[in-house]
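Residue-level structure breakdown
One-letter residues, chain by chain:
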Amino acid sequence: MARTDNDTWDLASSVGATATMVAAGRARASRAALIQAPFADPLVRAVGIDFFPRWASGELTPADVDIPDAPWGMQRMTDQQAARTRYIDAFFAQAQAAGIRQAVLLASGLDARGYRLPWAAGTTVFEIDVPQVVEFKTAALAGLGAAPTADVRGVGVDLRHDWPAALREAGFEPGRPAVWAAEGLLGYLPPEAQDRLLDNITELSADGSQLVAEVFFSAPASRELFDAIYQRWYEHGLDIDIERLGFPGERNDVAPYLNERGWRVVRTPLNQLLVDNGFEPHAVDGKSPLAMNAAAALFAENYYCTAVRYRETATH
Ligand SMILES: C[S@@+](CC[C@H](N)C(=O)[O-])C[C@H]1O[C@@H](n2cnc3c(N)ncnc32)[C@H](O)[C@@H]1O
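Reading the values: the criteria
Residues numbered from 1 in each chain as written. Predicted model: local features only at pLDDT ≥ 70, side-chain atom pairs only at ≥ 80, totals over all residues. Heavy atoms only, no water. Helix = DSSP H or I, 4+ residues; strand = E, 2+ residues; numbered from the N terminus. Buried < 20%, exposed > 50% of the residue type's maximum accessible area, 1.4 Å probe, protein only. 1 Å grid on protein atoms, 1.4 Å probe; cavity = no way out; pocket = protein on both sides within 12 Å on 5 of 7 lines; lining within 4 Å. Points joined across faces, edges and corners; volume = space filled by probe spheres on them. Nonpolar A, V, L, I, M, F, W, Y, C, P; charged D, E, K, R; others polar. Expected span 1.5 Å × (residues − 1). Arc of directions from axis to C-beta. Contact = heavy atoms within 4.5 Å. Core = buried A, V, L, I, M, F, W, Y, C linked by side-chain atoms within 4.5 Å. Pairing = 2+ DSSP bridges. Axes fitted to C-alpha atoms, helices over the stretch in contact; angles between N-to-C directions.

Let's talk about unusual backbone geometry
If a residue is not glycine, its phi is most likely negative; likewise, a peptide bond is most likely trans. Look at serine 14: it is not a glycine, yet its phi comes out positive at around 45°. Structurally, serine 14 is set in the segment before helix H1 (16-31). Here the phi dihedral of aspartate 69 falls at roughly 65°; this positive angle occurs in a residue that is not glycine. Inspection of the secondary structure assignment puts aspartate 69 in the loop between helix H4 (62-65) and helix H5 (74-97). Exposure remark for aspartate 69: the relative accessible area of 75% places this residue in the exposed category.

Comments concerning empty space enclosed by the protein
Inspection of every chain in the model, using the stated rule, returns 2 cavities of 30 Å³ or more. In this structure, the largest cavity encloses a volume near 70 Å³. Taken together, Arg26, Ala37, Phe39, Ala40, Thr85, Leu110, Asp111, Ala112, Arg113, Arg116 and Glu183 make up the lining of the largest cavity. Classifying every residue of the lining of the largest cavity by side-chain character gives 5 nonpolar, 1 polar and 5 charged. The calculated volume of the second largest cavity comes to roughly 40 Å³. Every residue lining the second largest cavity is listed: Met21, Val22, Gly25, Trp55, Met74, Met77, Thr78 and Gln81. Residue assignment for the lining of the second largest cavity shows that the elements contributing at least two residues are H1 and H5. No other element matches the 4 residues that H5 contributes to the lining of the second largest cavity. Looking at the lining of the second largest cavity residue by residue, the classes come out as 5 nonpolar, 3 polar and no charged.

Thoughts on helix H7 (residues 131-143)
Taking 1.5 Å as the rise per residue, H7 with 13 residues should run 18 Å; its terminal C-alpha atoms sit 18 Å apart, in good agreement. The complete set of buried residues in H7 reads Val133, Val134, Lys137, Ala140 and Leu141. End-on view of H7: buried residues confined to an arc of 140°, all on one side of the axis. In H7, the exposed positions angled more than 90 degrees off the buried face are occupied by Glu135, Ala139, Ala142 and Gly143. Buried positions along H7 lie against helix H2 (40-47), helix H6 (113-116), strand E2 (124-129) and strand E3 (151-156). Positive backbone phi, at 75°, marks glycine 145, one or two positions downstream of H7.

Structural notes on the nonpolar core
Membership of the largest hydrophobic core comes to 41 residues, with the highest contact counts inside it found for Met21, Phe51, Phe52, Met74, Trp233, Leu238 and Ile242. Those elements that provide at least two residues to this core are H1, H2, helix H3 (51-57), H5, H7 and helix H10 (223-235). Ignoring sequence-local partners within four residues, the contact set of leucine 238 consists of Met21, Ile49, Phe51, Phe52, Met74, Tyr230 and Trp233. Residues Phe126, Ile128, Ala193 and Leu258 belong to the second largest nonpolar core, which totals 33 residues.

Things to note about the sheet that holds strand E4 (residues 179-182)
An order of E3-E2-E1-E4-E5-E7-E6 is seen for the 7 strands of this open sheet, with the pairing classed as mixed. Each edge of the open sheet carries a strand with a single partner, namely E3 and strand E6 (263-269). Pairs of neighbouring strands in the sheet enclose a mean axial angle of 15°, with direction left out of account. Here 7 bridges tie E6 to strand E7 (residues 303-309), and the two strands are oriented antiparallel to one another. Residue pairing across strands places arginine 264 opposite valine 308, the latter belonging to E7.

A short note on the side chain of threonine 124
With respect to the helices, strands and loops of the structure, threonine 124 is situated in strand E2. According to the relative accessible area criterion, threonine 124 is buried, its value standing at 11%. The contacts of threonine 124, once residues within four sequence positions are left out, are Arg101, Gln102, Ala103, Asp151 and Arg153.

The following block contains the structure:
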């Protein structure tokens, strides 16, 4: 179903189900000892979409759910979850080493970093997502007996609304540096809400604050390939069309947008991240019969970026 301005969801529906999907990828990668994400599997089970625990556990294999030789599918996404989890975990570790003691997970979904990373004493981790998602994860982790490794504060608010007010109310201090993560989020916001989000982050970021963002323009697949893949998933009980969950329309490119607003930005192309973590890069020459050349070329533009906020100092 197409997205609308004030739509809502839980972890089993609409864009909420993508949080369960990426957590299933982490659970599977954790099972393969590629990352350490011990809460991913029980959280995915708690949501109750049958397909995802079966993928997480290995009961479903790529042969069951992927199209042979296709450039995109469940296993490729899982590889990407593993690589991006390592990358963002390392990013938080260096922000902690730099002395930052406020972390904000934007669209936290089933991310359990507040329960598994070794945060320095005195760190507050704010988890922002829609209320249904924040409440579900907090209750599920409590039910599992998971103890937070920082002062974790759930902030249930839609990121299209006045989330800075909710964040401040939860105790965020704009006068102190913060570290922000926008992982698996931006495409699910309308283009103007993406700009507002980056503007608000900039406004709330004291000198020395840091940000990591995943910036995706496309998946390397034609509509024909998406339909073929979704059909495979459907045969195993999963009914989801990820491409239709994003908001269409031209949007500003994140790295230059941040650069112009007082951030020093470093880009890491997705393929670089995959190679750095021992995974096959995506072919971007459109050779796969099911990949569109244009989509493949655009896919080469997908990247992760990290940024540091600095304020110009007066020179007189
Ligand atoms: C692909 S998941 C990523 C979750 C998490 N960052 C991770 O990597 O595990 C997308 C998440 O974005 C959240 N989301 C999307 N649009 C949102 C909005 N307008 N306000 C708050 N959360 C939103 C969804 O609820 C979902 O948890």
